[in-house]
Amino acid sequence: MAPSLRNQRGSLLTHSGSAKLAAAIHSHYQAQNLRVTSRQIAETANLPVETTLNILYRQQSCDLNQIKSLFRAFDLKLKREDFETFRSEDLQATPTPPEPLPVGFGRGDLLMEIKRAFQGDGRLVVITGMAGIGKSTVAQALIGDVGLREAYPWVLTVEVQGVGLALGAIARQVLGEAITQETQRQGGVKGLIGAIAAKLESKPCLLWIEGLTLPLSDAVQQLLNHLGTLPEMRSRLLLTLETLPPTLPDQTQIIHLKGLALPPTITLFQYWGVPLPTDADHHCLETIHQTYQGHPLALKMIAGEIRSTPYNGNIQAYWRDYGYEYDLPMAEADRHGAGNSEAMEDLGMHDTVPIAALLERASQRLAQEMPLAYELLTMGATQRGPAPVAGWQFLIADLDPHLQAQAFETLSDRFWLETVMIHNAPHYRIPSFLHTIILNSTAGR
């Protein structure tokens, strides 16, 4: 019979014991002129990486023999003052789930600015910014806002799939399929533009159009120009796209979206399961934030890696392995102007290259550490649209159900997937920027 959990005991290093072990590890690898990683430490002690980190960073009680093995690997003898022993239940605490953060957290001032524009004379707001900067998140916060929904109870979202299909997609949402076909048959593009404008002019609609790319089709440009000439319009339009169109109506309010500030980033990391109890933890996060200029998708992917096995939320353990990576974008900025924020912007934090490099490295690590999850990710990238959990697991249906579930959970826990509610049921998809990176990386194989 397995021993009762109540009778199990585990050991945890004291602070002095942890410091002694850390010093010995540093001395060992410094003598060999090697950059130390968690995997190297674990291999030296012949222990799993997760167990090694649990011991070294006092994250979880471990078997005393494992602690002794780690000490011996670095020519240390474990002494009684180096550890404490606990019953398992003494260390087990049920964490309190954090209160959910509102959609668009960290963008409060911007959301208020756009709401005031919509409630005033601003009939068109255009949000631009690099991929992954949070344009869609801001839009989702706006269309879910109670006050705006009261003022504009008819809420529509149009996701454009191609330049030539944009006007038709807008018409089908605003007019309905049957009216769109009939109007197009009788009046062509000009008839569709007039019918869409008439509906938006007379009915209080909040219309979000995403996925437009430049150059805009002539039909969409004509629609925007026509809406700008209307003396009154009860509807409000929200456009999200990476690059600002060269021509927009005079009433347009333009928002160039930038990264998140540091204070909301700290809150988000803690919400995502990365506690920051020490000044050293905060320093790591400050460097991450500065390096990627608060880019929300980059921050979330980094947090996803830190909160998962083997780091389990320990940002310093992650930093030991990958902190050197954060010198790469900063070194490039130094060559362009001393590494200050202006140089980073000139270098291209409006450009996606540094972010793409970060995400490519993360995908490579996923492929090495969790090959089945990576295989599921690459298979999912070839599918169209979001799918429920069962749809994702079907892609690897020939494997054991437990392995299917484990692979999906890995992607979800590491934030490789985002949730979309369809008919009140959760569906999952790869964020568009990640989707592009994954397809490009698999195409290059």
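Just so you know, these numbers come straight off a predicted model, no measurement behind them.

(A) Spatial organisation of the overall build of the protein chain. Counting its secondary structure elements, the protein chain contains 22 helices and nine strands. If you line up the protein chain on its principal axes, its C-alpha atoms span 85 × 55 × 45 Å. Taking all 445 residues of the protein chain together, the buried fraction comes to 46%. Once local pairs closer than 6 in sequence are excluded, the contacts in the protein chain between residues at least 24 apart make up 74%. About 22700 Å² of surface is accessible on the protein chain, with carbon and sulfur atoms providing 51% of the total.

(B) View of unusual backbone geometry. Geometrically, the link from leucine 214 to proline 215 is a cis peptide bond, its omega value of -5° lying close to zero. Inspection of the secondary structure puts proline 215 in the loop between strand 5 (205-210) and helix 11 (218-229). Cis geometry is found at the peptide bond from threonine 309 to proline 310, where omega equals 10°. Here proline 310 shows up in the loop between helix 14 (296-307) and helix 15 (315-322). Here asparagine 46, not a glycine, exhibits a phi torsion of approximately 60°, which is positive. A positive phi angle, close to 55°, is found at arginine 58, a residue other than glycine. Relative to the assigned elements, arginine 58 resides in the loop between helix 3 (49-56) and helix 4 (64-73).

(C) Helix 12 (residues 262-271), seen in detail. Taken together, the buried positions of helix 12 are occupied by Pro264, Thr265, Ile266, Leu268 and Phe269. Buried residues belonging to helix 12 abut helix 13 (279-291) and helix 14. Looking one or two residues past helix 12, glycine 273 carries a phi angle of roughly 95°, positive in sign.

(D) How the structure looks around the sheet that holds strand 3 (residues 124-128). Read across the sheet, five strands follow the order 4-5-6-3-7 without closing on themselves; strand pairing throughout is parallel. What marks the edges here is a single partner per strand, and that holds for strand 4 (154-159) and strand 7 (252-256). The mean inter-strand angle of the sheet, taken between neighbouring strand axes irrespective of direction, is 15°. Pairing of strand 3 with strand 6 (residues 236-241), which is carried by five bridges, proceeds in the parallel orientation. Residue pairing for strand 6: valine 125 is matched across the bridge by leucine 238. Along the sheet, helix 6 (residues 108-119) contacts strand 3, strand 5, strand 6 and strand 7; its crossing angle with strand 7, the most-contacted strand, is approximately 170°.

(E) A look at the nonpolar core. In terms of nonpolar packing, the biggest core is built from 76 residues, with Ile114, Phe269, Ile302, Leu359, Trp392, Leu411 and Trp416 touching the most fellow members. Of all the elements, helix 14 adds the most residues to this core, at seven residues. When residues no more than four places from it in sequence are discounted, the contact partners of leucine 411 are Leu366, Ala373, Leu376, Leu377, Trp392, Trp416 and Leu417. If you look at the next biggest cluster of nonpolar residues, it comprises 34 residues, including Trp154, Val158, Val160 and Cys205.

(F) Focus on the environment of leucine 366. Along the chain, leucine 366 turns up in helix 18 (residues 353-369). The exposure class assigned to leucine 366 is buried, which follows from its relative accessible area of 0%. Taking the C-alpha atoms as reference points, leucine 366 and aspartate 413, 47 residues apart in sequence, are found 12 Å from one another.

(G) Layout of the packing of helix 13 against helix 15. With their axes 9 Å apart at the nearest point, helix 13 and helix 15 run at an angle of 55° to one another. Classed by the angle they form, the pair helix 13 and helix 15 counts as oblique. Crossing handedness for the pair helix 13 and helix 15: left-handed. Residues Ala280, Asp281, Cys284, Leu285, Thr287 and Ile288 of helix 13 form the contact with helix 15, whose participating residues are Ile315, Gln316, Tyr318 and Trp319.

(H) Seen up close, the side chain of aspartate 281. Of note, aspartate 281 is situated in helix 13. One buried charged residue, aspartate 281, forms no salt bridge at all, with the nearest opposite charge on arginine 58 at 11 Å. Once residues lying within four places of it in the same chain are set aside, the contact partners of aspartate 281 are Pro275, Leu276, Ile315 and Gln316.

So, how was this worked out
Residues numbered from 1 in each chain as written. Predicted model: local features only at pLDDT ≥ 70, side-chain atom pairs only at ≥ 80, totals over all residues. Heavy atoms only, no water. Helix = DSSP H or I, 4+ residues; strand = E, 2+ residues; numbered from the N terminus. Buried < 20%, exposed > 50% of the residue type's maximum accessible area, 1.4 Å probe, protein only. Contact = heavy atoms within 4.5 Å. Areas by Shrake-Rupley, 256 points an atom, 1.4 Å probe, with all protein chains shown as cover. Pairing = 2+ DSSP bridges. Axes fitted to C-alpha atoms, helices over the stretch in contact; angles between N-to-C directions. Core = buried A, V, L, I, M, F, W, Y, C linked by side-chain atoms within 4.5 Å. Parallel < 35°, antiparallel > 145°, perpendicular 65-115°, else oblique. Left-handed = near helix turned anticlockwise from the far one by under 90°. Lys, Arg positive; Asp, Glu negative; His and termini not counted. Salt bridge = Lys/Arg side-chain N within 4 Å of Asp/Glu carboxyl O.

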